[in-house]
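# Residue-level structural notes
Spelled out, the chains give:
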Amino acid sequence: MQNTIKRLFAFAFVLLSLQTAMAQQALQTPAQFLGYTLGEEFTTHARITDYVNYLAQQAPNRIRVQEYGKTYEGRPLLLAYVASDENLPRLEQIRENNLRQAGIADGQVQGKQPAILWMSYNIHGNESVSSEAVLQVLYDLVDPNNQQTKKWLENTVVILDPCVNPDGRERYVQWYKQVQNRGGNASPYAWEHYEPWPGGRPNHYYFDLNRDWAWQTQIESKQRMAQYNQWLPQVHADFHEMGPEQPYYFSPAAKPLHESITPWQRDFQYTIGDYNRQYFDQNNWLYFTRENFDLFYPSYGDTWPTFNGAIGMTYEQGGSGRAGLAYKKQDGDTLTLTDRIAHHHIASLATLQATAEKADQLTQEFRKYYDNNLKKPGGAYKTFVFKADDRSVGNLKALTDYLDQQQIRYGYAGKSSSSKGFNYATGKEESVRVNQNDLVVSMYQPKSTLVKVLFEPSSNLEDSLTYDITSWAMPYAFGLQAYALKSRLDANNQKPAKAANPIKVERPFAYLARWNSLQDVKFLTDLMAQKVKVRMSEKPFEMENRQYEAGTLIITRTGNEAMGDKLDAVVRATAEKHGVTLQASTTGFVSSGADFGSGSVRFLKTPKVALMSGEGVSPYAFGEIWHYFEQQIGYPVTVLGTSYFGNVPLHEFDVLILPAGSYGRVLNEQALEQVKNWVRGGGKLIALESAAGFLAGKKDFNLQKKNGDEATEKEKAKETKEDPYRLLRVYGDRERDAISEDVQGSVFRVNLDKTHPLAFGYGDTYYALVRTSDTFSFMKDGWNVGVLKKDNYATGFVGAKAKARLKDALILGAQPMGRGQVIYLADNPLFRGFWHNGKLLFGNAVFLVGQ
Ligand SMILES: [Zn+2]
């Protein structure tokens, strides 16, 4: 025993001395630590994490590391905070000071306040150079012998996210390692330059995280933005890659710039650009500025920080998932990973230098920005009002959750008043009656620029050649009745008292729940999971002086006998969990409409759902649906692969979903025949966007593509008559001419047949974010549930020719086929997971139609 203890002591002593010896050793470079020079091979995420942690252990006076979360696949997400010896111990004070400068936290700034620079790497997984470059950047920042970075850190705190999207990056890196030639093969035809489906760009659910900054639908974004909002840096830089033939891009950004970007923010884009330019010129490296990468859509890593008071920068290196370790370009030069690292490395340091040398000005302007936000908010509208009523409970809850995530302040009207404002539903200025419980978002708050960008009815587009969708107005996205007021209306922070539980009966005949939002879908699927049997009224009804719309869920005691006495507790607890207000009835008799025993009160079967994936299917479109089932409503879904679809016994499923994709190969004549037979036997086929387009015109499918050519030809003839020189187009205008055919994500009011289950819960209108002008004609045989008539455009950019095609068009259709159904969704209601208003619609398609 004695001996063992002695030996343990001796062992501990050896360990201790080893540690001390290591600490005294010089800081290891990435090459020394990894065992290869950066650029010789790709570094796995595990090794990236190891090196960051190693630096934090070795230089605790210079760098601190925080694990701020995990990815969907369980990989750690890290932030490294690098600061001077003086600033690192007072990081928390610096952070609080910064929020005080922004008016978000109370109190006075204490001590000298440095500038904060945040740099994000590898948000697109296969743009893999970024997480290599950051290791060199980190070493330079931490290296005690580096006088230059030491000087810059005197007045700058640097926050680095070494890998924003570890799941996507690993998908790329592991694949590359499996197929690469030893040392890499530069031939552009080598296998290692052709990533397989679905590619490493997106995250686990195939979401593009660099379209998710403003919406924060993904776990990576949610956790990262919670940190970001604690810091609100003065400068944010986001590191990317583009095609391998292009050299390098840094700011100033291209047009259009959103009108809310201040002159100072525009100017400083040039300043940082200048710092970069000097280094790139010195090295004779090619680059371009002011092209391709605009500052308009608010959900990028440059725009979202910009609307939060930062200078938002995008850096793009030529390379991406195409370039591997080496890639022979068309001009004969070979682009190596080493070159790519060098460029992002220099750009990172140039950004730090610019921030450090202008730190005082940056913090000053930052204060001014937030001060203006609070006291002199921009834009015509000063208040946004969202109407509260029985139907809006779920959507309002979703909106307030979203506002909380964004640190946007809101309140409630507190009393009734009258005003004038822009009505989002009609697109007109009207008088507005504001009620006590209406939700109010005032522009007089620190984040008013963000509010303006997200809520204003339309954003002025100074130039229509933009990289992304052009409309996202949140009142439409959340499907709420909303008004924008030019007058100031201060909100009351008092939350309206929650209505007391209206259920007075202990064991009612039935429970009733309205059907108006995603929450209601979650409530239904949760009940289904607990084996509670649920019915749904296909007709509106009235009972006990209350009106109920079609789609109302009815949970009767009859049919749920198996639950026994547990039924009441289960239903009530589930409603509470999802924020659903229940009503109870003591009878199955209604004063108008259909009694609960009527044939139009349908029992909702719990469907077995299959979802198509794999080669040919759009990874994004598939991922949005996959995420919907697994993360949003928590409902089981079986993912099928296109490669073996022919062998799947479809009778095992009730619903088959086809996301956008090209189906020519997988749904050949024979496979399509099988699918039709399955539908005729009672199956439900849901086809979205190009999948619906694939079915259009095929035998037994009643959908027809809209003949856009006819209209276009007529128009052309008319134009030529008006302008005989119309055909003399200018070569330099070719991009601009092409966009007249475009619709780049714009909001349309879809007229609904509200008696069809696909439209339940919406009333007469559904706001769709339309991204294509490939539309369908009204169906002669089938239900035209959602259509665009002539004046249905709400907001966003639509080219003149596209606009013509977007009228008298079918957007949502349902075709009974035998005992089954085919549902066509020309619009994708789950686009990027942020169009909240579409989520109920998709739930209708899966759970209500055809029951
Ligand atoms: Zn990118």
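Residues numbered from 1 in each chain as written. Predicted model: local features only at pLDDT ≥ 70, side-chain atom pairs only at ≥ 80, totals over all residues. Heavy atoms only, no water.

### Focus on the overall build of the protein
If you tally the helices and strands in the protein, you get 24 helices and 34 strands. By the compact-globule yardstick of 29 Å for 851 residues, the protein fits well, its C-alpha radius of gyration being 29 Å. Across its three principal directions, the C-alpha atoms of the protein cover 85 × 80 × 65 Å. The proportion of buried residues among the 851 residues of the protein is 58%. Here the protein displays about 35600 Å² of accessible surface, and carbon together with sulfur accounts for 49% of that area. Each charge sign in the protein was given a centre, from 94 positive and 93 negative side chains, and these centres are 4 Å apart. (Helix = DSSP H or I, 4+ residues; strand = E, 2+ residues; numbered from the N terminus. Rg over C-alpha atoms; globule rule 2.2 N^0.38 Å. Buried < 20%, exposed > 50% of the residue type's maximum accessible area, 1.4 Å probe, protein only. Areas by Shrake-Rupley, 256 points an atom, 1.4 Å probe, with all protein chains shown as cover. Lys, Arg positive; Asp, Glu negative; His and termini not counted. Charge placed at Lys NZ, Arg CZ, Asp CG, Glu CD.)

### Some details on a nonpolar patch on the surface
A cluster of nonpolar side chains, Tyr189, Trp191 and Tyr194, forms an exposed patch at the surface whose accessible area comes to about 450 Å². In this fold, Tyr189 is placed in the loop between helix H7 (166-179) and helix H8 (219-231). (Patch = residues over 30% accessible without salt bridge, like charges linked within 9 Å, V, L, I, M, F, W, Y side chains within 5 Å. Salt bridge = Lys/Arg side-chain N within 4 Å of Asp/Glu carboxyl O.)

### What about the coordination of the zinc ion?
Protein ligation of the zinc ion involves His124 (ND1), Glu127 (OE), Glu127 (OE) and His240 (ND1), the donor distances falling in the range 2.0 to 2.5 Å. What the four donor atoms of the zinc ion show is an angle range of 56 to 156 degrees at the metal, which sorts the shape as irregular. All donors to the zinc ion come from one chain, and their sequence spacing reads H-x2-E-x112-H. Residue His124 is found in the loop between strand S3 (115-121) and helix H5 (129-142), and its partner His240 is found in strand S5 (residues 235-242); the two are separated by 116 residues along the sequence. (Donors = N, O, S within 2.8 Å, 3.2 Å for Na, K, Ca; no water. Tetrahedral: all angles 85-135°; square planar, octahedral: opposite > 155°, others 65-115°.)

### Description of the environment of Pro247
Turning to its location among the elements, Pro247 is positioned in the loop between S5 and strand S6 (248-249). Judged by relative accessible area, Pro247 falls into the partly exposed class, the value being 29%. Along the chain, Pro247 and Phe288 lie 41 residues apart, while their C-alpha atoms are 7.6 Å from each other. Once residues within four sequence positions are removed from consideration, Pro247 is found in contact with Met242, Leu286, Tyr287, Phe288, Glu316, Gln317 and Gly318. (Contact = heavy atoms within 4.5 Å.)

### Considering the UniProt feature "domain: Peptidase M14" (unreviewed entry) in the protein
Annotation from UniProt places "domain: Peptidase M14" (unreviewed entry) at residues 41-366. Here residues 41-366 runs as 38% helix and 18% strand, with 41 Å between its end C-alpha atoms. (UniProt positions renumbered as here; feature names shortened; annotations may be inferred.)

### Digging into the environment of Arg100
With respect to the secondary-structure elements, Arg100 resides in helix H4 (residues 91-101). Overall, Arg100 belongs to the buried group, its relative accessible area being 19%. Separated by 426 residues in the primary sequence, Arg100 and Asp526 have C-alpha atoms spaced 43 Å apart. In this view, Arg100 contacts Ala105, Asp106, Gly107, Gln108, Val109 and Gln110; residues no more than four positions away in its chain are not counted.

### Focus: the pattern of salt bridges
For the structure shown, the criterion picks out 37 salt bridges. Of the charged contacts in the structure, one is a salt bridge between Lys452 and Glu456, with a shortest N-O distance of 3.1 Å. The pair Lys452 / Glu456 is uniform in exposure class, with both members buried. Linked by salt bridges that have partners in common, Glu673, Lys676, Arg680, Lys699 and Asp700 make up one network.

### With respect to the nonpolar core
Ranked by internal contacts, the top residues of the largest apolar core, which has 182 residues, are Phe629, Ile657 and Phe842. In terms of residue count, helix H24 (residues 839-848) provides more of this core than any other element does, seven residues in total. Discounting chain neighbours no more than four positions away, the residues touching Phe842 are Ile625, Tyr628, Phe629, Ile657, Ile686, Leu688, Leu825, Pro829 and Leu830. The next biggest cluster of nonpolar side chains, apart from the first, holds 62 residues, and it includes Phe33, Val82, Tyr275 and Tyr315. (Core = buried A, V, L, I, M, F, W, Y, C linked by side-chain atoms within 4.5 Å.)

### Observations regarding the sheet that holds S5
The strand order S1-S2-S4-S3-S5-S9-S6 describes an open sheet built from seven strands, whose pairing is mixed. This sheet does not close on itself; its edge strands, each paired only once, are strand S1 (63-70) and S6. Examined bridge by bridge, S3 and strand S4 (residues 156-161) share six bridges and lie parallel to one another. Its bridge partner being in S4, Ile116 is matched across the sheet by Val157. Each of S5, S6 and strand S9 (311-318) touches helix H9 (residues 263-282); the most contacted strand, S9, lies at about 35 degrees to it. (Pairing = 2+ DSSP bridges. Axes fitted to C-alpha atoms, helices over the stretch in contact; angles between N-to-C directions.)

### Brief notes about the domain arrangement of the protein
Domain annotation of the protein identifies domain 1 (30-375), domain 2 (383-485), domain 3 (510-604) and domain 4 (609-705 + 739-848). Here the C-alpha centroids of domain 1 and domain 3 sit 50 Å apart. (Domains from an automatic or database assignment.)

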